[in-house]
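One-letter residues, chain by chain:
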Amino acid sequence: MLYRAHVLVCNGTNCSLKASPEIQKEFSRLLPEYGLDKEVKVVETGCFGLCEYGPTVVVFPDGTFYSGVKVSDVREIVSEHLYKGRVVKRLLYQVPPAAKPVQVYPEVDYFRHQVRVVLRNCGFIDPESIEEYIARGGYQALGKALTAMTPAQVVEEIKASGLRGRGGAGFPTGLKWQFAARADGSGPKYVVCNADEGEPGTFKDRLILEGDPHAVLEGMALAGYAVGAHQGYVYIRGEYVLSIERLERAIAQAREMGLLGKNILGSGFDFDVEIRLGAGAYVCGEETALFESLEGGRGEPRIKPPYPTDAGLFGRPTVINNVETLANVPVIIERGASWFRTLGTQKTPGTKVFTLTGDIVNAGLIEVPMGITLREIIYNIGGGIPNGRQFKLAQTGGTSGGVIPPELLDVPMDYDSLAAHGSALGSGALLIIDDSHCIVDVAKSFSFFFLHESCGKCTPCREGTLQLHRIMERISRGEATRTDLENMKALAQAMYVAPLCPLGQTAPLPLMSTFRWFESEYLAHVVGKTCPAGVCPVDGTAARAAAGCAAREV
Amino acid sequence: MAKVTLTIDGRKVEAERGMTVLEAARLAGINIPTLCYLENLNAIGACRVCVVEVKGAKALQASCVLPVAEGMEVWTNSRAVRASRRTTVELLLSDHPTECTTCIRNGTCELQALAESLGIRRVRFEGEKHGGVPDESSPSIVRDNAKCVLCRRCVAVCEKVQSVKAIGPQERGFETAIAPPFELPLADSVCVNCGQCTLVCPTGALHEHDDSELVWAALADPGKHVVVQTAPATRVTVGEMFGMPPGSVVTGKMVAALRRLGFDRVFDTDFTADLTIIEEGYELVHRLQEGGVLPMITSCSPGWIKFIETFFPDMLPNLSTCKSPQQMFGALAKTYYARKVGIDPADIFVVSIMPCTAKKFEARRPEMTDSGYPDIDAVLTTRELGRMLKEAGVVFDALPEEPYDDPLGVSTGAGAIFGATGGVMEAALRTAYEVVTGKTLPALDFQSVRGMEGIKEATVNLDGTELRVVVAHTLGNARKVLEAVRVDPGRYHFIEIMACPGGCIGGGGQPIPTTDEIRKKRIEAIYRVDRDMPLRKSHDNPVIKVLYQEFLGEPNSHKAHELLHTHYQPRYQYAQL
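Source: prediction; values computed, not measured.

1. Focus on the overall build of chain B
Then comes step 1: When helices and strands are counted, chain B shows 18 helices and 17 strands.
Then comes step 2: Computed over C-alpha atoms, the radius of gyration of chain B comes to 25 Å, within 12% of the 25 Å expected from 2.2 N^0.38 for 577 residues, which places it in the range of a compact globule.
Then comes step 3: Along the first, second and third principal axes, the C-alpha atoms of chain B reach 80 × 55 × 55 Å.
Then comes step 4: Per-residue burial over chain B gives 55% buried out of 577 residues.
Then comes step 5: Expressed as a percentage of contacts within chain B between residues at least 6 apart in sequence, the contacts between residues at least 24 apart total 74%.

Have a look at this one:
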């Protein structure tokens, strides 16, 4: 059936928490009242991105972008825009309020500077409809691979594309696939999608799965074909209720259409996917701990080597890729490696999806070419820092990354450039912090996170995260000495190299990174016994009183 | 095996492919300190004490789990390595009670030794310590988590060797604690009390429940007649508590030492081991001839008993109904012996010296009171005895060799070999052969059931009747045997199970360290004891003959059943919450 107009109601987790399901129902209720139900279709989409001003509603074909829509606004959109063809101006994006309202979404700065490859369907299709995915070219890549490419050619294409793991480590995906493809084939191999997105401030995998679950499934099937695996698992956080629901539906639909299961598209290739729920431990995002958990054990990292491509899940060769990595795969196969290389940088082609949060005007989900600078992200897409405050730092890569101070605003955002400055691109968190915050207070929240999330298996992490946090607490209370700082540095040096897995090895990174760029602010606490931002309880008496009566955090 | 050449600390070292860097270094005479590592049992790279620097690797690597590779360049002692190691051990110490002087492992603690060898003189880090109150719920084993370094050797031995899995890591991060599921008390868990965890624990976090104070009190009580029995395996191990080499036979010195402590009579569990052979042997013959439940399985090892009660309750009818030699001794001490010496059994205090922590649990089983009194009043492990002797100032080396007291100190070599895996089987076969065939056994040594192999099968010809037997030690092997029997119940006639590796000589109450090398030496010593005994068959024990004449009547008589046999109870495998 053909429609005159489509109303896309964002139903990602952020908008749905702000009543987007009710908005959608209201549209469905009111359209027949105006006799429009045969002419206008309401589509529930995944995250469209500009979460700060959700719920968002986009009306096609024109692309009119309504933000901050309430249930009570729906009648006006229906009666004015859909019935009479008059845009409801008061609901257009207008930030700051003095600015000129923007009518269509491609003209909103937030969208104008983005390049959407992974998010190509997010916000545009009903993620619960496999037909809509297929209509936008979905499963073309799988069809192409199964009918016109050998598994080795698929591996080669991914290698040639230069795609690197989007979970944070940036390992070349094609190389990983090649290892798995060449590994012992005497038994089963597995493809695992790592959807245990645990970095604080990161929720891009969640929104990708909510918005376009089939892209990830197609990527998994392609990985399976490339390496000779017939079973895939999505290990996903149990809290991601909506992602799980949509993924389950997507798997069922794909099976029904013969796009998963036995003899896919009549090619003789079998591949199926099951979902496994995580229970929320941060360390289970580490691939070997994830395997332990997936197998039913305690989530603790394994010793490497052997690497997953030799002995991963159930001791068998396993490709484990992040959600975003897998969502890139179908486009690369469909459009080719050389196309992919036109995006991003030489060493890191492609795009990166970030969740832009914190002290920023336009918080939300964004996708940008690799190599873009933080300045461009903050000021062109993000709309700058609100409330007239100054940019102080950005935390990239979640708690495991370093920080980016104002000095580094023009460093290209890619794995190697950020690593060279002691930071990390990470999994896709981009937490913007303004100058109202105290660096010690910020760092203390990082140290607490690691104390809370250490699995407890190895000594330096289990004991070291406690010591780091206690030192941070002392600094914050104005009780620390220079010896504490020396001990913190020595401990950090040991922790970079001694722990068993990356969790412990990166635990000191945010502290050392903040110390490096904001040493004077640390010293103000330690030597001057003052908190320049006025956040920390540096006053000794107050601190002692607080320590005496307040429950300790751990 | 293919060889690889690597460089360790600047020296070319040859190693076999598949070896770890730790193994290669040790072969080359380079010592890398370890803590969580335990040969053949635990290599998990958790403590990070054994870290080394490897050329090309960003982080330090745990040498216990790092495979050697051709051309690898390793530094075990660089500045970075030493700094990391010191920091790691300081961190462990920052979270460890500083009560070495009063710790049960003072002097045998591996953390103490590590800190000493690394020359740690101060701890830069301070803060709260994990742990809490020790779990003393079990009569056998105390868990003092405050002293736990989370090396997980206990978890490994419980799971991999014993297949019990009573304990594991609970909680996470700094809160991580080795405990039964749901952090229940050990007494409410599937723990079988074997105490193997206490042998592998590097610190005082897991140790035997110390009952020495009970014994000191009884010895000091003039109203008590205190008798002691010594288990077969203790005579080849207690010397190690005084620095004697493993495999030293110290039977006479141990008897003398016990007299110095003030025991009124020093008796021998070997005597009731002989008695067990008679009772169990007749029970087996009876089952064979009368179509009883087969295979019959030995019942001397209390860790094993709780294991089968918990994990194979359907197979309890296969167990011999015989009490263990320890309990038989107690039952006789408070009846036959009490009557003989004219002492009110209420005034007799029976102490056992055992290689075993599970014996403490066994002694407290409510059914072990057939005489109207508890069979056993206190159980001491070899380690507790060693410590009591030190406290009493006994110079063990200088003691003369003294004989056991009559009458419950008379035994044969068959009783002695109860202390090693295969020993109960061999002792039983020596007697069964002669009882069934009426002929003299041509060769006493049944080599096929001896030694450290985990499961040993044999077929014995009893004058035309084939007796199929199997011997298993460790509960992991016991599990395998029972699973095989479930599939094929006719596979064996008679099964010997000992819970601990190597049998009682490797028991959970034995001196630390107890390694496979040491176990082998203790086993050799046990067979030397047997070889040097004038009598080597239980049915030749003259006191046993008198015992039946004067008191029990005949084997498996009503009285024997009343005092020397018992029954078992199914137990829950999962916590009853």
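2. Quick word on the overall build of chain A
Then comes step 1: The number of helices and strands found in chain A is 23 helices and 13 strands.
Then comes step 2: By the compact-globule yardstick of 24 Å for 554 residues, chain A fits well, its C-alpha radius of gyration being 24 Å.
Then comes step 3: The C-alpha extent of chain A, read off along each of the three principal axes, is 75 × 65 × 45 Å.
Then comes step 4: Every one of the 554 residues in chain A was classed for burial, and the buried ones make up 59%.

3. A short note on the domain arrangement of chain A
Then comes step 1: Looking at the assigned domains, one finds that chain A contains domain 1 (5-112), domain 2 (138-340), domain 3 (351-434) and domain 4 (439-549).
Then comes step 2: Each of domain 1 of chain A and domain 4 of chain A has a C-alpha centre, and these two points are 46 Å apart.

4. Looking at the nonpolar core
Then comes step 1: The biggest cluster of nonpolar side chains holds 356 residues, and the ones touching the most others in it are Val57, Val216, Leu222 and Ala223 of chain A together with Cys154 and Ile526 of chain B.
Then comes step 2: Among the elements that make up this core, the one with the highest residue count is helix α10 (residues 213-227) of chain A (10 residues).

5. A few points about the sheet that holds strand β13 (residues 348-354) of chain B
Residues and elements named next belong to chain B.
Then comes step 1: The strand order β11-β10-β13-β14 describes an open sheet built from 4 strands, whose pairing is parallel. Each edge of the sheet is formed by a strand with only one pairing partner; in this case those strands are β11 (265-268) and β14 (378-381). On average, each strand axis in the sheet is tilted by 25° relative to the strand beside it, whichever way the strands run.
Then comes step 2: As judged from the 4 bridges shared by strand β10 (residues 225-230) and β11, these two strands associate in the parallel manner. Within β11, the residue paired with Val228 across the bridge is Val266.
Then comes step 3: Most of the contacts of helix α10 (residues 325-341) go to β13, to which it runs at about 155°, and overall it touches β10 and β13.

6. A closer look at the pairing of β14 of chain B
Residue and element names in this part refer to chain B.
Then comes step 1: Of the two faces of β14, the one carrying Ala378 and Leu380 and the one carrying Val379 and Thr381 are both buried.
Then comes step 2: Relative to β14, β13 runs parallel, the two being bridged by 4 bridges. Each residue of the ladder has a partner; that of Val351, found in β14, is Ala378.

7. Regarding the domain arrangement of chain B
All names here are of chain B.
Then comes step 1: Splitting chain B by domain gives domain 1 (3-93), domain 2 (130-207) and domain 3 (213-564).
Then comes step 2: Relative to domain 2, the C-alpha centre of domain 1 lies at a distance of 28 Å.
Then comes step 3: Taken together, the contact between domain 1 and domain 2 spans 9 residues of the former and 9 residues of the latter.
Then comes step 4: Taken together, the residues of the side of domain 1 that touches domain 2 break down into 8 nonpolar, 1 polar and no charged.

8. Quick word on the environment of Val215 of chain B
Then comes step 1: Among the secondary structure elements, Val215 of chain B is positioned in helix α6 (residues 212-220).
Then comes step 2: Here Val215 of chain B is in contact with Val351, Ala378 and Leu380 of chain B, once residues within four sequence places are set aside.

9. Topic: the interface of chain A and chain B
When the parts of a complex come together, some accessible area is lost, and that lost area is often used as the size of the interface.
Then comes step 1: Counting from both sides, the interface comprises 30 residues of chain A and, opposite them, 27 residues of chain B.
Then comes step 2: Elements supplying a minimum of two residues to the side of chain A that touches chain B: α17 (439-453), α18 (459-476) and α19 (482-497) of chain A.
Then comes step 3: Here the element with the most residues in the side of chain A that touches chain B is α18 of chain A; it accounts for 9 residues.
Then comes step 4: Grouping the amino acids of the side of chain A that touches chain B by side-chain chemistry returns 15 nonpolar, 9 polar and 6 charged.

10. Details of α18 of chain A
One full turn of an α-helix is made of 3.6 residues, so residues set three or four places apart face in the same direction.
Then comes step 1: Between its first and last C-alpha atoms α18 of chain A spans 25 Å; for 18 residues at 1.5 Å apiece the expected length is 26 Å, and the two agree.
Then comes step 2: A positive phi of about 75° marks Gly478 of chain A, the residue just after α18 of chain A.

11. Brief notes about the sheet that holds strand β5 (residues 190-195) of chain A
All names here are of chain A.
Then comes step 1: As summarised here, the arrangement of the 4 strands in space is β7-β6-β5-β8, forming an open sheet in which the pairing is parallel. Either end of the sheet is taken by a strand with one partner, and the two such strands are β7 (272-278) and β8 (318-322). Strand after strand, the sheet turns through a mean of 20° between neighbouring axes, direction not considered.
Then comes step 2: Relative to β7, strand β6 (residues 231-237) runs parallel, the two being bridged by 7 bridges. When the sheet's bridge partners are listed, Ile236 is paired in β7 with Leu277.
Then comes step 3: Packed onto the sheet, α10 meets β5, β6, β7 and β8 and runs at close to 150° relative to β5.
Then comes step 4: Contacts between helix α13 (residues 323-335) and the sheet are confined to β5 and β8, with β8 contributing the most and set at about 95° to the helix.

Cut-off values and rules
- Numbering of residues starts from 1 in each chain and follows the order in which that chain's sequence is written.
- Chains and ligands are labelled by the order in which they are written, letters from A for the one and numbers from 1 for the other.
- Per-residue local features of the predicted model are confined to residues with pLDDT of at least 70, and side-chain atom pairs are confined, for both listing and counting, to 80 or more; whole-chain, interface and lining totals are unaffected and use all residues.
- Going along the chain from the N terminus, every DSSP run of H or I of four or more residues is numbered as a helix, and every run of E of two or more is numbered as a strand.
- As a reference, a globule follows 2.2 Å times the number of residues to the power 0.38, and the radius of gyration itself is taken over C-alpha atoms.
- To sort residues by exposure, count the other C-beta atoms lying within 10 Å of each residue's C-beta; 20 or more gives buried, 12 or fewer gives exposed, and values between give partly exposed, all with C-beta atoms placed from the backbone.
- Here, residues touch in the contact sense if the C-beta positions derived from the backbone fall within 7 Å of one another.
- Residue ranges assigned to the domains are those given by an automatic or database domain assignment.
- The term nonpolar core means buried Ala, Val, Leu, Ile, Met, Phe, Trp, Tyr and Cys residues held together as one set by C-beta atoms within 7 Å.
- Being paired, for any two strands, means DSSP has found at least two bridges between them.
- Interaxial angles span 0 to 180 degrees and are taken between N-to-C directions of axes, which are lines fitted to C-alpha atoms, for helices over the stretch in contact.
- Under the grouping applied here, Gly and all other residues not named as nonpolar or charged are polar, the nonpolar ones being Ala, Val, Leu, Ile, Met, Phe, Trp, Tyr, Cys and Pro and the charged ones Asp, Glu, Lys and Arg.
- Given a helix with a known number of residues, its expected span is that number minus one, times 1.5 Å.

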